[in-house]
Amino acid sequence: MALASNPRDALLQALSDLDENSFKILKFHLQDRTLLEGHGLARGELEGLSPVGLANRLILRFGVQEAVRVVLQVLRVMHLLELVDQLSHICLNDYREIYREHVRSLEERQEEQISCSYVQLLLVAKPSSESPEQELGSVTVEALFDAGEKPDHGPPTVVLQGSAGTGKTTLARKIVLDWARGVLYPGQFDYVFNVSCREVLLLPEPTLDQLLIWCCGDSRAPLTEIRRQPERLLFILDGYDELQRPFAARLNRLGSSPAEDMLRRLIRRQLLPTSSLLITTRPLALRNLQSLLKHPCHVHVLGFSDTERERYFSSYFTDEEQAKKAIDFVRGNDVLYQACQVPGICWVVCSWLKRQMERGEEFSETPSNGTDIFMAYVSTFLPPNDTEGCSELTRDSVLRGLCALAVEGIQHQRFLFEEADLRKHSLDGPSLTAFLSSHDYQEGLDTKKFYSFRHISFQEFFHAMSYLVKEDQSQLGRESLREMNKLLEEKGHTGDREMTLTMQFLLDISRKENSSNFDLNFCFKIAPSIRQDLKNFKEQMSSIKHNRTWDLEFTLYESTVKNLARSVHLSKVSLKMEHSNEKKAHRSRFSVKTSLSDAEEEEQKCALVDKGSRAGTQKKASKEKTKERETRDKGTGSTERREQS
């Protein structure tokens, strides 16, 4: 048997090495349900299959690693022990390759795959408490676990923080996929486990062994072998903030749930103390997380740079004309352009604009803040009004159902819902893909389907909307006021920190002087009692110092661009100046070259200071800029862009 490089090739080679008679006997045994623990194949599935066809059929049926085990089991019954030894040596002695194949195949089955068109994110290393005077500096994914600077601090713990939608979860998936493909951290980690904090709560027995089995997708995973060198393990704990409500009193008690306790012990280094950790979280949960950590490295996810922002539009719209129309519209709106720095909002904007174009509609709405963007998306994708009453999924019923589901989730800290939960609120998951995503969860031999909001920001948006669509009109004022007060109480305990998205959405709605557009889009009127409560809420919020979600990312982005521009001559970066011969429009481009690995470097465009491309993209429109536009020479064909210094 020739040496194969992976389990898939080894399986095909083993089947090809069988003579014609042995191959027939093997197919005969594959029908034995008793031998294969209830997994036997039907005779009709095997007839006429060649070794290549049989290998494909087994892999489709069982997956690569289980297909190898099935064939090994039959080969042992056939007493072809030499072939058993060869196949075992290639495929099972090194379980790492089997796990890599599992990760790759898992990604292939995802509803939304991370393809080669993945758009890079801008990451910034935050100054440590030991060196607070240190400036913000960009960092690459490849350098996250470099131990060169602080080797005495033990195994690295990296906290990847960013507001909702900045791309943390997608980046976590990209990291584990690139590792499985052999292009990231080669030779550094034997296993990289991506642990979704919301999904780990579903484990029937939340122990370390069960966690490893769940990550491997294999009840017979060699746990002893995996744990043998914990320093070569990397655990990515994605969505720490989704484990718990960050302000709830119960968080001060350890072991509030078995799964939570296990993850806390992993973070505290009480389990596998020499393993590496990458934890993603929203800022709201940082205070609780910080108490568990020793010498963490904090990295802030800022989202897209100017260049990557436009690249995302080009990759989202397959039609060039649609892409150009969308980019031009967004460039002309400072609020939209800045909001599209956040990947999650960028997806919302692209989806909304594409649906408008598909309907042949003009872009009539001009969002003035993030809440307007979500309102435009939701009103676009809600089903139309059924004037004849033939459909159960009316605009009003779907909106109320989504609001009720969001409230249930927020109140009980739930982000995954069963089909029964949807039915309870008269929702049909498959027909609401604009708002809900489906997930298949393996429970033994069975697969269970769960649903979640497409993003946590949607769950919080519908949570905010729930205050406005109460069923019992007589209870509107009292219930909404009580629930708003709960939000304010939580806010009061946190001091000068980022407000929740729910509060931000409500605050923006409360500031709307005219609700006619709101009434038109959502087909219901906000009751006078609710309007009064919103007014009270706005007044109370005005007395509390607070940060809006995404404000920090926008501010850090500008600071980072300024630092990069200021240090151009000092950090061995490539500076490329392009001057146009035309006086009315000239451009300067900064290209920052950063180290991606010991062996290679890749040029990343981190800032684009562009005169003549569009109106100021990072700063809010001001009266001064408006006057400049009005007095500008009518013959000038392009608008000058404010330079970022």
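Residues numbered from 1 in each chain as written. Predicted model: local features only at pLDDT ≥ 70, side-chain atom pairs only at ≥ 80, totals over all residues. Heavy atoms only, no water.

### So, the confidence of the model for the protein chain
Point 1. This prediction gives the protein chain a mean pLDDT of 75; 69% of its residues lie at or above 70.
Point 2. Looking over the protein chain, one finds the lowest element-wise mean pLDDT in strand 12 (residues 587-595), namely 30, and the highest in strand 5 (residues 233-238), namely 97.
Point 3. A low-confidence stretch, residues 245-255 (pLDDT under 50), is modelled with 25 contacts involving residues beyond four sequence positions or located in other chains.
Point 4. Counted against residues more than four places away or in other chains, residues 472-477, with its pLDDT under 50, gives ten contacts. (pLDDT = per-residue confidence, 0-100. Helix = DSSP H or I, 4+ residues; strand = E, 2+ residues; numbered from the N terminus. Contact = heavy atoms within 4.5 Å.)

### Thoughts on the side chain of Ser510
Point 1. Checked against the element boundaries, Ser510 lands in helix 23 (residues 501-510).
Point 2. Among the polar contacts listed, one links the side chain of Ser510 to the backbone oxygen of Leu507, at a separation of 2.6 Å.
Point 3. Leaving out residues up to four positions away in the same chain, Ser510 has contacts with Leu534 and Lys538. (Polar contact = N/O pair within 3.5 Å; in protein donor to acceptor, adjacent residues only side chain to side chain.)

### Let's talk about the nonpolar core
Soluble globular proteins tend to bury their nonpolar side chains together.
Point 1. Phe193, Leu211, Phe235, Phe313, Leu353, Phe435 and Phe462 are the most contacted members of the largest nonpolar core, which has 139 residues in total.
Point 2. Ranked by residues supplied to this core, first place goes to helix 17 (residues 343-358) with eight residues.
Point 3. Each residue touching Phe462, except ones within four places of it in the same chain, is listed here: Val378, Leu399, Leu402, Cys403, Ala406, Phe435 and Phe453.
Point 4. Counting 29 residues, the second-largest nonpolar core is a separate cluster that includes Ala10, Leu11, Leu83 and Val84. (Core = buried A, V, L, I, M, F, W, Y, C linked by side-chain atoms within 4.5 Å. Buried < 20%, exposed > 50% of the residue type's maximum accessible area, 1.4 Å probe, protein only.)

### Regarding the packing of aromatic side chains
Aromatic rings considered in pairs are described by the distance between their centres and by the relative angle of their planes.
Point 1. In total, this model carries 26 aromatic pairs according to the counting rule given.
Point 2. On the basis of an interplanar angle of 45° and a centroid distance of 5.7 Å, the ring pair of Trp347 and Tyr377 is categorised as tilted. Taken together, the residues span a long stretch of sequence, with Trp347 in helix 17 and Tyr377 in helix 18 (residues 370-381) at a distance of 30 residues.
Point 3. Judged by relative accessible area, which is 1%, Tyr377 ranks as buried.
Point 4. Among the aromatic residues, ring-to-ring pairing joins Trp347, Phe374, Tyr377, Phe381, Phe417, Phe435, Phe453, Phe458, Phe461, Phe462 and Phe505 into one connected group.
Point 5. Above the plane of the ring of Trp179 lies Arg100, whose end atom (NZ or CZ) is 4.1 Å from the centre.
Point 6. Looking at Lys325, its charged tip hangs above the ring of Phe363, at a distance of 5.3 Å from the centre. (Phe/Tyr/Trp six-rings, centres within 6.5 Å; stacked < 30°, edge-to-face > 60°. Lys NZ or Arg CZ within 6 Å of the ring centre and 35° of its normal.)

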